[in-house]
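# Per-entry structural report
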Amino acid sequence: MTQWTDKERSMVSAIWEKINIDEIGPEVMARVLIVYPWTERYFGTFGDIFTTTAILNNAKVAAHGKVVLKALGKAVTDIDNIRTIYADLSRLHYEELQVDPDNFRLLADCIIIAVACKLRNTLDPQSQATLQKFLYAVVEALNSQYC
Ligand code: HEM
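A brief structural summary. (Residues numbered from 1 in each chain as written. Predicted model: local features only at pLDDT ≥ 70, side-chain atom pairs only at ≥ 80, totals over all residues. Heavy atoms only, no water.)

### Some words on the coordination of the iron atom of the ligand
Counting protein donors to the iron atom of the ligand gives just one, His-93 (NE2), placed at 2.1 Å. Mapped onto the elements, His-93 comes out in helix H6 (residues 87-96). (Donors = N, O, S within 2.8 Å, 3.2 Å for Na, K, Ca; no water. Helix = DSSP H or I, 4+ residues; strand = E, 2+ residues; numbered from the N terminus.)

So this is what it looks like as structure tokens:
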């Protein structure tokens, strides 16, 4: 289990407080689909997401980005139980959605990029490293039910 210092806990909370989910969520989801186009295969119900313009104008992509970021908020407020929090979500992505778990890290990296672009004046290297540690703990938890 990932261990957290008090400083890291407050850093993760401080970053999260500055994030506007309605803005970053859609950006993150669009970035994943544009930079890693094979991820489109999992979102067959989203309609046209076959070009950059279509992705950026797709309301389902935007809405799903918010869903993902909101789900991460749970880990921010219960950072010692990340594995437990995401056990069901891991099972869903494995058994029903059949998402290749390599994609979790790609999405986490897109979150880091989107947050760094938005908070570039305040995100010092230590905060960035802590955000990365936090997101990779989530990635590890989402991997946990894959066998
Ligand atoms: C659905 C979270 C990564 C594909 C969901 C849902 C959540 C979620 C909360 C909704 C579950 C429900 O309705 O019960 C996350 C988190 C991720 C992550 C926190 C990583 C940080 C990914 C990745 C992919 C993916 C990398 C594929 C490339 C999907 C799909 C759905 C879904 C296809 C169903 C969408 C729909 O039909 O509405 N995810 N997810 N997820 N996720 Fe993920």
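Moving on, there is more to tell.
### Quick word on the packing of helix H7 (residues 102-118) against helix H8 (residues 125-143)
Packed helix pairs are specified by the crossing angle of their axes together with the interaxial distance, meaning the distance between the axes. Between H7 and H8, the shortest axis-to-axis distance is 9 Å and the interhelical angle comes to 155°. Taken together, H7 and H8 sit at an angle that is classed as roughly antiparallel. Between H7 and H8 lies a crossing whose hand is right-handed. Residue-level inspection shows Phe-104, Arg-105, Ala-108, Asp-109, Ile-111, Ile-112 and Val-115 of H7 in contact with H8, the latter providing Gln-128, Leu-131, Gln-132, Leu-135, Tyr-136, Val-139, Leu-142 and Asn-143. Grouping the constituent residues of the contact of H7 with H8 by class yields 10 nonpolar, 3 polar and 2 charged. (Axes fitted to C-alpha atoms, helices over the stretch in contact; angles between N-to-C directions. Parallel < 35°, antiparallel > 145°, perpendicular 65-115°, else oblique. Left-handed = near helix turned anticlockwise from the far one by under 90°. Contact = heavy atoms within 4.5 Å. Nonpolar A, V, L, I, M, F, W, Y, C, P; charged D, E, K, R; others polar.)

### Some details on the site of the ligand
Residues in contact with the ligand amount to 18 residues; listed here are only the nearest, Tyr-42, His-64, His-93, Asn-103 and Leu-142. Measuring from a nitrogen atom of the ligand, one finds a side-chain N or O atom of His-64 at 3.5 Å. Here a nitrogen atom of the ligand sits 3.0 Å away from a polar atom, N or O, in the side chain of His-93. Those elements that provide at least two residues to the shell around the ligand are helix H4 (59-77), H6 and H7. No other element matches the 4 residues that H4 contributes to the shell around the ligand. (Near = heavy atom within 4 Å. Polar contact = N/O pair within 3.5 Å; in protein donor to acceptor, adjacent residues only side chain to side chain.)

### Overview of the nonpolar core
Formed by 48 residues in total, the largest nonpolar core has its most connected members in Leu-69, Ile-82 and Phe-134. Of all the secondary-structure elements, those providing two or more residues to this core are helix H1 (6-18), helix H2 (21-35), H4, H7 and H8. Among residues more than four places away in sequence, those in contact with Ile-82 are Trp-4, Ala-75, Phe-134, Ala-137, Val-138 and Ala-141. (Core = buried A, V, L, I, M, F, W, Y, C linked by side-chain atoms within 4.5 Å. Buried < 20%, exposed > 50% of the residue type's maximum accessible area, 1.4 Å probe, protein only.)

### Looking at the state of the cysteines
By the definition in use, this model includes 0 disulfides. There is no disulfide at Cys-110, and the cysteine sulfur nearest it, in Cys-117, is 11 Å away. Cys-110 sits in the buried class, given a relative accessible area of 2%. A relative accessible area of 38% means that Cys-117 is categorised as partly exposed. (Disulfide = S-S within 2.5 Å.)

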